[in-house]
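Descriptive analysis of the structure
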Amino acid sequence: MTLYFFFIYAQASNADYFVSIIRHGDRAPVRPLEPEQWPYGKGELTDEGIEQCKDIGLKVRESLLSNDFPRQWHSGLSRHYARNFNRTIQSAHAILSNIYPESYDNFESNRVPDPKLPSLVTVPEESLLGGPHACNDRAFYRIIDQLDASKLWQKKKLSLRSWLPKDMSKGPYTMRQIQFLGDALFARKKHNKPLPDEYSLNQEKHLIEAKNWFFEQISREPRIMGMTSHKLLKEILSAFQNYSSCRHWEKTENCEHFLLFVASEINLQTFLAIMGASQDEAVPYGAHLNILLSYNAQKVFLKLDNKPLKLQGCQAYCSYDKWINLLSRAIAIAENTPCFLKSDQLTSAYTKKLPYLQVITGQPYISEAHQALKLQRNINR
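Residues numbered from 1 in each chain as written. Predicted model: local features only at pLDDT ≥ 70, side-chain atom pairs only at ≥ 80, totals over all residues. Heavy atoms only, no water.

Looking only at helices and strands, one finds 14 helices and seven strands in the protein chain. Per-residue burial for the protein chain yields a buried fraction of 53% across its 381 residues. In the protein chain, the share of contacts with a sequence separation of at least 24, taken over all contacts with a separation of at least 6, comes to 69%. (Helix = DSSP H or I, 4+ residues; strand = E, 2+ residues; numbered from the N terminus. Buried < 20%, exposed > 50% of the residue type's maximum accessible area, 1.4 Å probe, protein only. Contact = heavy atoms within 4.5 Å.)

This is how it looks when you write it as structure tokens:
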């Protein structure tokens, strides 16, 4: 058995092509309790985050690319996409600075990149790595509001009331507000910043857990999975198919070598969830999913932070055909969400109560056809 797995992972390390989805590096809180303690700015990449991403780039260069792989980027070698935030764009450049060091001779990765390197990071349309913007803002946040009003979320909020600061616990509050508070406390703890006087260690613990719970819940919500991962799934499917076609007609060196996405937590979490690999905890800063193809063996290997990732029907690896089928199935599921369905399709889908159109409580989130039509009309507005 040991020899078998050694052989399997030796194949994975000699991948001909790979797709990486990486969460940006360590950042300051989006809504800090004391903004003056975060000189980088709200939600911006920290010095630790920059080093974290540089390290990822170095590991990619050393473990996934050949010794003679070019040190300077040119069109056709690889493609790179970053979500349209400073922290993701900076993370992408920090990663690439150690993959293509000769393209970054005078680059300072702790600053927002100037237009001198436009071809190294492409910021895509928001629907590819947009998260809340993938469908439209109101659709995404309306779903969050619906979840916030559900029995499960109401119960969770009630359990947290005694751990909230006084000014927050007196009035109505949402799980999104609690999530931002938990994120601020998590960042302070990670950077060894002392708790404000009004917070206890128990509060910190419960509110950080609530932040993780929030992202775990929304990343498993079928409507959110669909709208945030649909175009990402299609781009990945197209990348593997194009590489396979290229290898059929061309030599290895003439084909694209890798595709890189630098994204946010929600992009990686929902991608894993819709592929059947939901995570019980929030993926950390710099979380790194590698999808590696051994073309001659026709096998695909998945690793999350260098640990094998198992999918349904795939243990140590997927056959290439199985992987393509899994991606195609996930795309079909994603397309059966309010973002992509027309009104008549919504009526049919919700009347049938398809299993992937149910929230994680197991109850259909819309049980009547006219409710679905009303939702679509609201989205259209």
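On to the state of the cysteines, then. Two cysteines joined by a covalent bond between their sulfur atoms form a disulfide. Tallied over the entire structure, the rule returns two disulfides. Shown here is the disulfide that connects C246 with C255, its sulfur atoms set 2.1 Å apart. Across the disulfide from C246 to C255, rotation about the S-S bond amounts to roughly -95°, and the bridge is consequently left-handed. This pair shows no difference in class: C246 is buried, exactly as C255 is. (Disulfide = S-S within 2.5 Å.)

Empty space within the largest pocket amounts to approximately 500 Å³. Along the walls of the largest pocket sit 23 residues, with R83, R87, P132, F180 and F215 positioned nearest its centre. Its residues assigned to classes, the lining of the largest pocket comprises 11 nonpolar, four polar and eight charged. (1 Å grid on protein atoms, 1.4 Å probe; cavity = no way out; pocket = protein on both sides within 12 Å on 5 of 7 lines; lining within 4 Å. Points joined across faces, edges and corners; volume = space filled by probe spheres on them. Nonpolar A, V, L, I, M, F, W, Y, C, P; charged D, E, K, R; others polar.)

Our next topic: the nonpolar core. The biggest cluster of nonpolar side chains holds 48 residues, and the ones touching the most others in it are I236, F240, F261, M275 and W323. Elements represented by at least two residues in this core include exactly β1 (17-23), α4 (126-129), α10 (222-249), β3 (258-263), α11 (265-274), β4 (288-294), β5 (299-304) and α12 (320-334). With residues up to four places along the chain from it excluded, the contact list for F261 reads V19, S20, I21, I22, Y81, L128, L129, L232, E235 and I236. With 29 residues, the next largest nonpolar core counts I22, L64, L96 and V121 among its residues. (Core = buried A, V, L, I, M, F, W, Y, C linked by side-chain atoms within 4.5 Å.)

A separate point is the side chain of T46. You can see T46 is positioned in the loop between β1 and α2 (47-64). On the basis of relative accessible area, T46 is assigned to the buried category, the value being 0%. Sequence-distant contacts of T46, defined by excluding residues within four places in its chain, comprise D26, R27, A28, Y40 and H191.

This part takes up the pattern of salt bridges. Going through the model one piece at a time under the given rule, you end up with 15 salt bridges. Its salt-bridge partner being R247, residue D16 comes within 3.6 Å of it at the nearest N-O pair. Linking D16 in the loop between α1 (2-13) and β1 with R247 in helix α10, this pair joins segments that are 231 residues apart in sequence. Judged by relative accessible area, R247 falls into the buried class, the value being 13%. Here E48 makes a salt bridge to K190, at a shortest N to O gap of 2.7 Å. Here the residue E48 occupies a position in helix α2, and K190 occupies one in helix α8 (residues 175-190), the gap between them amounting to 142 residues. (Salt bridge = Lys/Arg side-chain N within 4 Å of Asp/Glu carboxyl O.)

Here the focus is the environment of V123. Assignment of secondary structure puts V123 in the loop between α3 (86-99) and α4. What makes V123 partly exposed here is its relative accessible area of 34%. Here V123 is in contact with A82, R83, N84 and I89, once residues within four sequence places are set aside.

A few words now on unusual backbone geometry. If a residue is not glycine, its phi is most likely negative; likewise, a peptide bond is most likely trans. Backbone geometry places D305, a non-glycine residue, at a positive phi of 50°. Along the chain, the position of D305 falls in the loop between β5 and β6 (307-308). For D305, a relative accessible area of 37% corresponds to the partly exposed category. With a phi angle near 70°, N306 is a residue other than glycine that sits in the positive phi range. Secondary-structure assignment places N306 in the loop between β5 and β6. Classification of N306 by relative accessible area gives exposed; the value is 64%.

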